[in-house]
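Fold and contact review
One letter stands for each residue in the lines below.
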Amino acid sequence: MADLTRLGAADLAALIAAGEASAVEVTQAHLDRVDAVDESVHAFLHVDHDGALAAAGDVDAQRSRGEPLGPLAGVPLALKDVLTQHGVPTTCGSRILDGWRPPYDATVVSRLRAAGVVILGKTNMDEFAMGSSTEHSAFGPTRNPWDLERAPGGSGGGSAAAVAAHFAPLAIGTDTGGSIRQPAALTGTVGVKPTYGGVSRYGLVACASSLDQAGPCARSVLDAALLHEVIAGHDPMDATSIDAPVPPVVAAARAGDVRDLRVGVVRELSGEGYHPGVEQRFHEAVELLKELGAQVHEVSCPHFPYGLAAYYLILPSEVSSNLARFDAMRYGLRVDDDGTTSAEEVMARTRAAGFGPEVKRRVILGTYALSSGYYDAYYGQAQKVRTLISRDFAAAFEQVDVLVSPTAPTTAFRLGERVDDPMAMYLNDVCTIPTNLAGNAAMSLPCGLSPDDGLPVGLQVMAPALADDRLYRVGAALEAAYIDAWGNPLTEEVPQL
Amino acid sequence: MAITRAEVAHLARLSRLALGDDELDHLAGQLDQILGAVARVGEVAAADIPPTSHALPLTNVMRPDDNRPCLDPAEALAAAPATEGQRFRVPRILDEDA
């Protein structure tokens, strides 16, 4: 049989449903590849061999009893370590949660299990999803499968690398300011941030609650859509979950038609700081959209350049509040509890020992931005910029159906290059942040390799809230045209490792 | 200078982070640089712009007040750093002479 790890999710599910491969065989093939190669990539923090094989066995048993299988039954998936899975270590890339085994499943995880998706393990990430390279993981960085000396992006670099390295055809990421899309761009894979509230946050360990959103990572647009449909939908356990039908993302991915679609090129997301190779591939993608029948216009979103500044006030403010729960009392790390040290001192020493430098930086920044005397100038003003950015989107979406830009200004950068230069690291997110602030939906899909360095370039497509299907329509149309031109999906070019 | 080392030390105390002198020095310089960059939100945010705290305009989301299964005491305490009976044991919270 062909190498099962080279196949996508839809193809694997079809093989399993037809009885041409068992779910256990498919799972074992992926586990074998992880065991053989992940030492060099470090996409996983924990591999759950027994749990994955048991879940695959359940799917095979279901099939042998003649029970109907879901569209992704038996397909392996890599889960970002920020989502709780009952009894499986969940660290969020932090020492403070080292060894914690959650007593419950996140809603995303329950839905994956109910669909028969096989969870292989937990993927590496920047600590509590703060970072753009995975270098802020307490357990060491993930390496980009395209070039092991480079970062895979972040915070969900582990999930993106797992998909690019053919460890799993699917992964779950979470996106607060670009943590699904920027790693997708840097690894040549597909990543989608659904509309805020489209996927339940129950069991997603909070970074910034008003921005966090879980979504699919895959090597193809259709696979991402199939996963999107499994995890999305209203959940009473999350008060910010939208009580509305899931947009028809799978149908859109199967249609893949952009004829007469109005596409806006965001003027402000280009220019200084953007690699020439990134801009070249982006402009070619825009030309391709025209050839495919889209009506392309330039659109101005004048407040987008202020998004980064607003984000790096709003996010730390929410972080400083959310991470107060790590208090060394009910779960997680506790240090220096010798019977004489006060609770407050134990708390402060535990948090100093358990959090890494980026988390400390943001907690302190947020505490400052929220403090009396500075609140109006920082957090208050940032919230107003958030309004202005939402208005920019609303005005743009009166003229066009979707917006496009590069996903990130550069290709994958070298490990170590930006790790102690916070502003340089934050600039990675300049194109992705506006969507989080407004709560819209966006996708990154590969649009070729940069002529500068041979590394993947991502195209970002942005849609209004609850119009996630438009992303898949555009993504699938472009993907089909690229495969015609290239002969293969881009991830076929990833080194064998 | 937007932020001084003494201010960072105060913020660290408010944040319950016992930081060493090296960390405070390093952070003060970085926070000053970051604050310099993010202060530009003030350039466009005029007085007549309403703030947005959340992308979804939701208030008071309710669900039925039904009994549901929950964690039993053993599960709730399983990850605790220290326990005593069916309780979380915490470090001293009062001064001895209180």
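Since we're looking at a predicted model, the values are computed, not measured.

**Section: the overall build of chain B**
Helix and strand counts for chain B come out as three helices and two strands. Counting helices and strands in the order they occur from the N terminus, chain B gives α-α-α-β-β. The C-alpha radius of gyration of chain B comes to 23 Å, more than 25% above the 13 Å expected for a compact globule of 98 residues. Dimensions of chain B, computed from C-alpha atoms along their principal axes, come out at roughly 55 × 45 × 25 Å.

**Some thoughts on the confidence of the model for chain B**
On average, residues of chain B score 90 in pLDDT, and 95% of them are at 70 or above. The ipTM value of the predicted complex is 0.94, and its pTM value is 0.97.

**Focus: the sheet that holds strand 5 (residues 190-193) of chain A**
Residues and elements named next belong to chain A. The strand order across the open sheet built from eleven strands is 1-3-2-4-6-5-10-11-9-7-8, with neighbouring strands paired in mixed fashion. Edge strands, defined here as strands with exactly one partner in the open sheet, are strand 1 (44-47) and strand 8 (295-299). Going from strand to strand, the sheet's axes swing by 25° on average, the running direction of each strand aside. Pairing between strand 7 (residues 262-266) and strand 8: five bridges, direction parallel.

**Side note on the interface of chain B and chain A**
Contact residues are listed per partner, giving 45 residues for chain B and 54 residues for chain A. Residue assignment for the side of chain B that touches chain A shows that the elements contributing at least two residues are helix 1 (5-14) and helix 2 (21-38) of chain B. In terms of residues, the side of chain B that touches chain A owes the most to one element, helix 2 of chain B, which gives seven residues. The class makeup of the residues in the side of chain B that touches chain A is 33 nonpolar, seven polar and five charged.

**Some details on helix 9 (residues 276-291) of chain A**
Residues that lie three or four places apart on an α-helix share one face, since the helix turns once every 3.6 residues. Residue and element names in this part refer to chain A. The end-to-end C-alpha separation of helix 9 is 23 Å, in line with the 22 Å expected for 16 residues at 1.5 Å each. Turning to helix 9, its buried residues number three or more, namely Val278, Arg281, Phe282, Ala285 and Leu289. Around the axis of helix 9, the buried residues are gathered within 100° of arc, so they sit on the same side. Relative to its buried face, helix 9 has exposed residues pointing more than 90 degrees away, namely Pro276, Glu287, Lys290 and Glu291.

**Section: helix 3 (residues 49-64) of chain A**
Residue and element names in this part refer to chain A. Look at helix 3: 22 Å from first C-alpha to last across 16 residues, which is about the 22 Å you get at 1.5 Å a residue. Within helix 3 the residues assigned to the buried category are Ala52, Ala55, Ala56, Val59, Asp60 and Arg63. In a view along the axis of helix 3, the buried residues occupy a sector of 140°, so they form one face of it. Turned more than 90 degrees from where helix 3 packs its buried face, Asp50, Ala61 and Ser64 sit exposed. Residues of helix 3 that are buried in the fold lie against helix 1 (9-18), helix 2 (23-41), strand 2 (76-80) and strand 3 (118-123).

**Considering the pairing of strand 4 (residues 170-174) of chain A**
All names here are of chain A. Counting buried positions along strand 4 gives five out of five residues, so the element sits mostly inside the fold. Burial along strand 4 is two-sided: Leu170, Ile172 and Thr174 facing one way and Ala171 and Gly173 facing the other are all buried. Pairing analysis gives three bridges linking strand 2 to strand 4, with the strands arranged parallel. If you follow Ala78 over to strand 4, its bridge partner there is Ala171. For strand 4 and strand 6 (residues 214-218), the ladder comprises five bridges, and the chain directions are antiparallel. Bridging from a neighbouring strand, Ile172 pairs with Pro216 of strand 6.

**Notes on the packing of helix 12 (residues 357-369) of chain A against helix 2 of chain B**
The description of two packed helices rests on the angle between their axes and on the distance between the axes. With their axes 11 Å apart at the nearest point, helix 12 of chain A and helix 2 of chain B run at an angle of 60° to one another. It follows from the interaxial angle that helix 12 of chain A and helix 2 of chain B lie oblique. Two packed elements cross with a definite hand, and for helix 12 of chain A against helix 2 of chain B that hand is right-handed. Here Arg361, Ile364 and Leu365 of chain A of helix 12 of chain A lie close against helix 2 of chain B, whose contacting residues are Leu27, Gln30, Leu31 and Ile34 of chain B. Its residues placed into classes, the contact of helix 12 of chain A with helix 2 of chain B shows five nonpolar, one polar and one charged.

**Observations concerning unusual backbone geometry**
Residue and element names in this part refer to chain A. The peptide bond linking Gly154 to Ser155 adopts the cis configuration, its omega dihedral lying at 5°. Relative to the helices and strands, Ser155 resides in the loop between strand 3 and helix 5 (157-164). Of note in this structure, His42 is not a glycine but carries a positive phi near 60°. Relative to the assigned elements, His42 resides in the loop between helix 2 and strand 1. In this model, Phe128 sits at a positive phi of 50°, which is unusual for a non-glycine residue. With respect to the secondary-structure elements, Phe128 resides in the loop between strand 3 and helix 5. A count of 30 C-beta atoms within 10 Å places Phe128 in the buried class.

**Observations regarding the environment of Gln85 of chain A**
Residue and element names in this part refer to chain A. When you line up the elements, Gln85 lands in the loop between strand 2 and helix 4 (107-114). For the pair Gln85 and Thr107, spaced 22 residues apart in sequence, the C-alpha separation works out to 9.5 Å. Residues within four places of Gln85 in sequence aside, it is in contact with Leu79, Thr90, Pro102, Asp105, Val109 and Ile119.

**A closer look at the environment of Leu19 of chain B**
Residue position: Leu19 of chain B is located in the loop between helix 1 and helix 2. Taking the C-alpha atoms as reference points, Leu19 of chain B and Ala37 of chain B, separated by 18 residues in sequence, lie 24 Å from one another.

So, how was this worked out
- Residues numbered from 1 in each chain as written.
- Chains lettered and ligands numbered in written order.
- Predicted model: local features only at pLDDT ≥ 70, side-chain atom pairs only at ≥ 80, totals over all residues.
- Helix = DSSP H or I, 4+ residues; strand = E, 2+ residues; numbered from the N terminus.
- Rg over C-alpha atoms; globule rule 2.2 N^0.38 Å.
- pLDDT = per-residue confidence, 0-100.
- Pairing = 2+ DSSP bridges.
- Axes fitted to C-alpha atoms, helices over the stretch in contact; angles between N-to-C directions.
- Contact = placed C-beta atoms within 7 Å.
- Nonpolar A, V, L, I, M, F, W, Y, C, P; charged D, E, K, R; others polar.
- Expected span 1.5 Å × (residues − 1).
- Buried ≥ 20, exposed ≤ 12 C-beta atoms within 10 Å, placed from the backbone.
- Arc of directions from axis to C-beta.
- Parallel < 35°, antiparallel > 145°, perpendicular 65-115°, else oblique.
- Left-handed = near helix turned anticlockwise from the far one by under 90°.

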